[in-house]
Structures are given as structure tokens and as C-alpha cells.
Amino acid sequence: MKEAALKAYKAMVMARAFDTKTSALYKAGKILGGVFLGRGHEAIAACEAVFLRKGHDVYSPFIREQAGRCAWGDSVLESARTYFGSVEGCMHGRDGNVHWGKPLEGTTAPISHLGAMAAVIGGMVLAKRMQGITDAVGVTCYGDGTTSVGAFHEACNMIAVLKLPVIIVVSNNQYAYSTPNTQEFACDLLDRGRGYGLTSHACDGTDFLQTLETMHSAVTAARRGEGPQWVVATTLRMCGHGEHDDASYIPETLKAAYADRDPLAVARRQLIECGWLTEDTDAALNRECTDEVQRSVAQAQKEATPNPATEDWQATSWRPFR
Amino acid sequence: MPVTYIDAIHQAMQELLEEDPRVFLMGEDIAGTFGGAFKATKGLEAQFPGRVINTPISEDAIVGFGIGAALGGMKPILEMQFADFGLLGLNQMGNNAGAHYYRTGVPINLTLRMPCGGTPGGGPFHSQSLEALFAHFPGLHVFTPATVADAYYMLKQAVQIPDPVVFMEHKFLYRWLKADTWHDPQPLPVGKARIARAGEHATVIAFSAMVPEALKAADLLASASGYHIEVVDLRSVKPMDTDTILASVARTGRMLVVSEDFPWGGVASEVVARVAAEGLHLLDAPPLRLTSKDTPIPSHADLWKAHRPHSNDIADAVRYLISL
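Model, not experiment: these values are computed from the prediction. (Residues numbered from 1 in each chain as written. Chains lettered and ligands numbered in written order. Predicted model: local features only at pLDDT ≥ 70, side-chain atom pairs only at ≥ 80, totals over all residues. Heavy atoms only, no water.)

**Observations regarding the domain arrangement of chain B**
Many structure descriptions define interface size as the accessible area lost when the parts assemble.
Residue and element names in this part refer to chain B.
Then, number 1: Here the domain parsing of chain B yields domain 1 (3-179) and domain 2 (194-323).
Then, number 2: Distance from the C-alpha centre of domain 1 to the C-alpha centre of domain 2: 26 Å.
Then, number 3: Every contact between the two is made by 31 residues of domain 1 and, on the other side, 26 residues of domain 2.
Then, number 4: Each partner contributes to the roughly 2,100 Å² buried at the junction of domain 1 and domain 2, and carbon and sulfur atoms together form 58% of this total.
Then, number 5: The tally of links between domain 1 and domain 2 comes to one salt bridge.
Then, number 6: In this structure, Asp-150 and Arg-235 form a salt bridge, with 2.9 Å as the shortest nitrogen-oxygen distance.
Then, number 7: Summed over the shared surface of domain 1 and domain 2, the result is nine residue pairs in polar contact (both at pLDDT 80 or more). (Domains from an automatic or database assignment. Contact = heavy atoms within 4.5 Å. Buried area = accessible area lost by both parts, 1.4 Å probe. Salt bridge = Lys/Arg side-chain N within 4 Å of Asp/Glu carboxyl O. Polar contact = N/O pair within 3.5 Å; in protein donor to acceptor, adjacent residues only side chain to side chain.)

Dropping the structure here:
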């Protein structure tokens, strides 16, 4: 577990450094559209992805999953390229902010319609099964708000019916944009998973080691053939929905209750207590990540952006004669 | 023994399953001995175990799973029980499958089979055509076969094309339309319209079940009035073969577009817009449209027959067009 813990922690540090940078760039007017941070979600995202095998498993990260992308093995350079619309990036400026993925490497390029990718990850895992690959798993992650979406319900049910090795992670950060849990659902989210017939797990998403253990159990169970898994990880979104949003609707008392539960600080404390990290190695890791973020952002900003005059304005790969 | 339009669809799927291990079928009630609401997949699960998959009633998830399976290297053929319910998969088709190639460079090789169009008693929610709604989204091809051979060849081509294809199969044609064989010695490439009947006095553009109606109208006009009507079968509404349309209009100087869909923003509107924009000088009379009425599709057979274009309506519209 030590190796996974340190890998996940590094992903969290990298993600935080990247988020801090993109937030500043957004506020300086250097990034158009939106910037969406994972502050408060780092432990959940990193731990859900750290047990996946790139090239074998599949992963559908979304809005607050920078730490998951790093734990999966994608560099922050790709994220920076998508934010800046670099033509070197995998979306070539055709889609932006967090909407990127490399489907042929096993990550989806999510659309904005919440819940839509749950069925897609189900299909990707179904394809693996039909190809005789039985130990590949899929992870797909959503917020509390997405559990209200019809498409999400359909996908969870179908994943359950087909008994596919998919781990559905629900990050309950207590707010869907400005909507609190009380206006979003009237049940325990764990019961939703049970209702689909999924093996259900709960964890405190701000508690790094607990989250790591929970995700390990869920991924291992799915990989062993024990069917789909449902994980509800609770945290607080420690930022706005996007950097355009000051989250003033979150009560100060709630923010105060989470003041010492920043997942990154908790993880650092726990890893030092375990003897797996020292102040010195942590400082070195932070320097390494800050430098990598700085280099990546600088590179992405220098790269060419798309040219409308030479853009290939074709929406299909097969091109009829006209 | 004659074969029907639905026999051709069944045959195409059987051959696709035989020829390519990546092809599989997914939809509601399609597996087992039941074989689908219209029996298009009857017997296929027994022949191809594990490759004909029944799903819950979840159209959005069916399409979403199809997208994922295609990303995983498979070639899913998805069945909507009725095109009307395809609306519940429209977000996945338009925003996810349709947008995917442009966004990522990775095409989604899925085929969405949609039993469409009216039948007597079908009513408002089991009769719609809706090809224009799907064609509206960039990234989707929309096929509308009107012959037994096209039902066979175009379904096979749909699966061979790496992009998402909406395959609109008309329910009325399923068992009504017959031919000696589904084989065509020279099948047209997909994307090419077909001159279903050559003529000189006016062009009727049609697709799907309106093609046999238009041919009937042409027979009627030939015997009753001596008019020789050219009938163009679009075959696919997207891509739309504007060249063949314009060439026909250039020959006849008059055009009527017939569609079973609702009038507002439909395929007929698109044809008229293209001909007006690119071939106004070819026209001797205003381009006309004949579509279903702008109301929901009624259930009672008498109302339904009056709601959609019938061969007599087409003949009347052509007579009017020629009088202009």
C-alpha cells in the first residue's frame, strides 16, 4: 500500500499545484471559458485512479479529477494544452477546460451532460468482456448532483444488470453548483447504490488513507469478478463550482467545519505519521511538482493554437463525395 | 420466394455477425426466441450466442453503451424499439457520438437502427420519422432506405462506415415491401441518390416509404394525364446528394419534395433550401413541399391516412405544380 499511497499523494500534490496555477491564470484573463478545480477532491480522485492499469483498464475522469488524471499516468501538460487550446493537445482546441481524454488509451473525453459517460464506461468494459479480457475494470466518477440525472440512473442499472466490473464513484461534495444535497435528493446516497444491486462502500473523502483503502477494496473486488461497485466518498468542495464562482452560498459554518480537513494536508500528516514521507521529501516533491506545472503551462502557452483558415471542418471520418 | 424489407435487414445483420467478430447487437427484447418487437433479430442469438444482448428499457444507456463499446473496438448495432423512443437516446447520439470524431479524432463506429414511420393505428408515439432531428447534429449520417436491396446493402454499409449512422427503417415497409431478392448486381454507393423513375415533366424527391407512394403517383399521372414524372429516391438524407437532385431539376424544371415527417425544419425544407440556393435558375415554378401535417400523428386509421402524404395527394400536388 505504501507505493500506491505515495503515488496517489504525488498526484494530489501535482493536481493542487496545477489547480493553483490555472486559477491564477484564469483570474489574470489568460484562460477563457472556465477553470474547474479539484480542491477538496484530491484524495478521492487520486485514490480512485491509482489502482488502475493504464493500457488495460478504462477510466472516465471528469470535472474535479486532475489528481485522478495524474494518478492514472497522464501529464499535466495535456491538461494545460486543453485549457490553452494548443493544437499539440489531444483536443486541438476543439474542446476545452476539463473536456479531454484519450479514448484509445482508455480514458473518455467527457461531454458536459452529467451522467452521460457512465454508460460509455459500461460499454468500454463490455467490449473488454466480449474480447475475452476479464480482469480489466472501469472507473467512472460523478458528483452528488449527477445522481439525480436520468442517464446516470439508466447506466448504473444497466451496469448492474450486466454485472460489469465497473466502479462508480460518487464524490458527495455537498453542492451541485449552488444546490445543496437537501434540494438534490431525499435519501442516503449509499442506498442508491444498494438499490441498483451494487456492492456499496462509503468513505470520508477527506481522509486519505481511509479513501485509499476503500478504493483499493472496490477496485480489487471488481477485478476479482465480484461485479460492479459503488463508492460514496464525502467531502466538501473547497472552491467554487468554477473559478467564476465565489461559492458564497456555502455557509461559513460548513466551511469552518472542513477547515482542517483539506485532503492534501490530511494526506501529508498521515504519510508522515506512517513514516512514508518526511518534511524534506515532501518539500522536494512539492518543488518537483511546482516546477513541472510551471514548465508544462509555459510550454502549452507557447504552442500553436488552431487556425480557422486551415481547420478541417469535418465532423465525420467517412467523407461522402459532397 | 419473395423477400421483404425486414428479411433484408435480418439477412444483413446475420452476415455482419458472421463476417466480423466485432459486430454485436444490443437493444430491448431483441434476444432469445422473441427476437425483437418486429422480429428483425429473430434467431440471431441462437446463432451468435453472447452477441445479441437484451437491455433494460434505457435508450440513453443503450446508445451510451454503444459509444463505449465502439471506443473499445467493437461495432455495435443498436436497436431502438421505435424511432419515437430514439429521442431518449438523442443526447447520446447528438452530443456524444456525433461530436466525438471532431472533438477527439476518434470516430464512433455504431449503427442505430430506428423503426420509423407510420402504420395504421400506430398513434402519436409509435409513428414518427424524426430523421431531420438526428440529421441536424454534425457527425451523424442518416440513412433512409426505400427498397429491399437498399435495406440490405445500406445496413451493411452503415456498419462498415466508421462513424455513427442512424438507420431509419420504415415499419410500413417491413412486410409490405417485397422483392425477388435483396441482391442488386450494381448497388449504388451510399451517399448517392437514385433515379427511381425517369421522367421529364416534374421531379418528385422522396425517401423512405414516400418513394413507393411517389412511384404510385407517377404511375397514376402517366396513365391519367400522360405526365412523365421523375422520382428521385434520396436513399440517405445525410449525406444528401444535392448533385443528383439538381441534375433532375435541371431536366424537369419543376420540383416537389415529399416527406412523411412533420413540416417544420424537415428534410423537405432542406432540399428546397438547397435547390433554391444552388439551382433557382433551373426552376420554372416555385419548389413545393408535401409533408405530414403539423399536428401529432393521429391514431385512427382514417385520420392517419389523411395526416400523411398519400399517392393521390402527391399526384394532386404534381398536377398543381405543373399548372404553375
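**Re the interface of chain B and chain A**
Then, number 1: Taken together, the contact pairs 48 residues of chain B with 43 residues of chain A.
Then, number 2: Both sides together, the interface formed by chain B and chain A hides about 3,700 Å², and carbon and sulfur atoms give 67% of it.
Then, number 3: In terms of surface lost to chain A, no three residues of chain B exceed Phe-65, Tyr-102 and Arg-103 of chain B, which account for 24% of the buried area on that side.
Then, number 4: One can count one salt bridge joining chain B with chain A.
Then, number 5: Between Asp-95 of chain A and Arg-103 of chain B there is a salt bridge whose closest N-O contact spans 2.6 Å.

**Considerations on the confidence of the model for chain B**
Then, number 1: Overall, the prediction assigns chain B a mean pLDDT of 97, with 100% of residues at 70 or greater.
Then, number 2: This prediction of the complex comes with two scores: 0.97 for pTM and 0.97 for ipTM. (pLDDT = per-residue confidence, 0-100.)

**Structural notes on the sheet that holds strand E10 (residues 202-206) of chain B**
Residue and element names in this part refer to chain B.
Then, number 1: Here five strands make up an open sheet; going across it, the order is E9-E11-E10-E13-E14 and the pairing mixed. Only two strands of the sheet have a single partner each, and these edge strands are strand E9 (194-197) and strand E14 (288-290). Within this sheet the neighbouring strands show an average axis-to-axis angle of 25°, counted without direction.
Then, number 2: One ladder, built from five bridges, connects E10 with strand E11 (residues 229-233); its direction is parallel. Along E11, the bridge assignment pairs Val-204 with Val-231. (Pairing = 2+ DSSP bridges. Helix = DSSP H or I, 4+ residues; strand = E, 2+ residues; numbered from the N terminus. Axes fitted to C-alpha atoms, helices over the stretch in contact; angles between N-to-C directions.)

**A closer look at helix H4 (residues 76-84) of chain A**
Note: α-helices contain 3.6 residues per turn, so residues at a spacing of three or four share the same orientation.
Residues and elements named next belong to chain A.
Then, number 1: For H4, the buried fraction is high: nine of the nine residues fall into the buried class.
Then, number 2: Buried within H4 we find Val-76, Leu-77, Glu-78, Ser-79, Ala-80, Arg-81, Thr-82, Tyr-83 and Phe-84.
Then, number 3: Packing partners of the buried residues in H4 comprise helix H1 (2-27), helix H3 (66-72) and helix H11 (279-302).
Then, number 4: Of the residues trailing H4, Gly-85 is marked for its positive phi of about 70°. (Buried < 20%, exposed > 50% of the residue type's maximum accessible area, 1.4 Å probe, protein only.)

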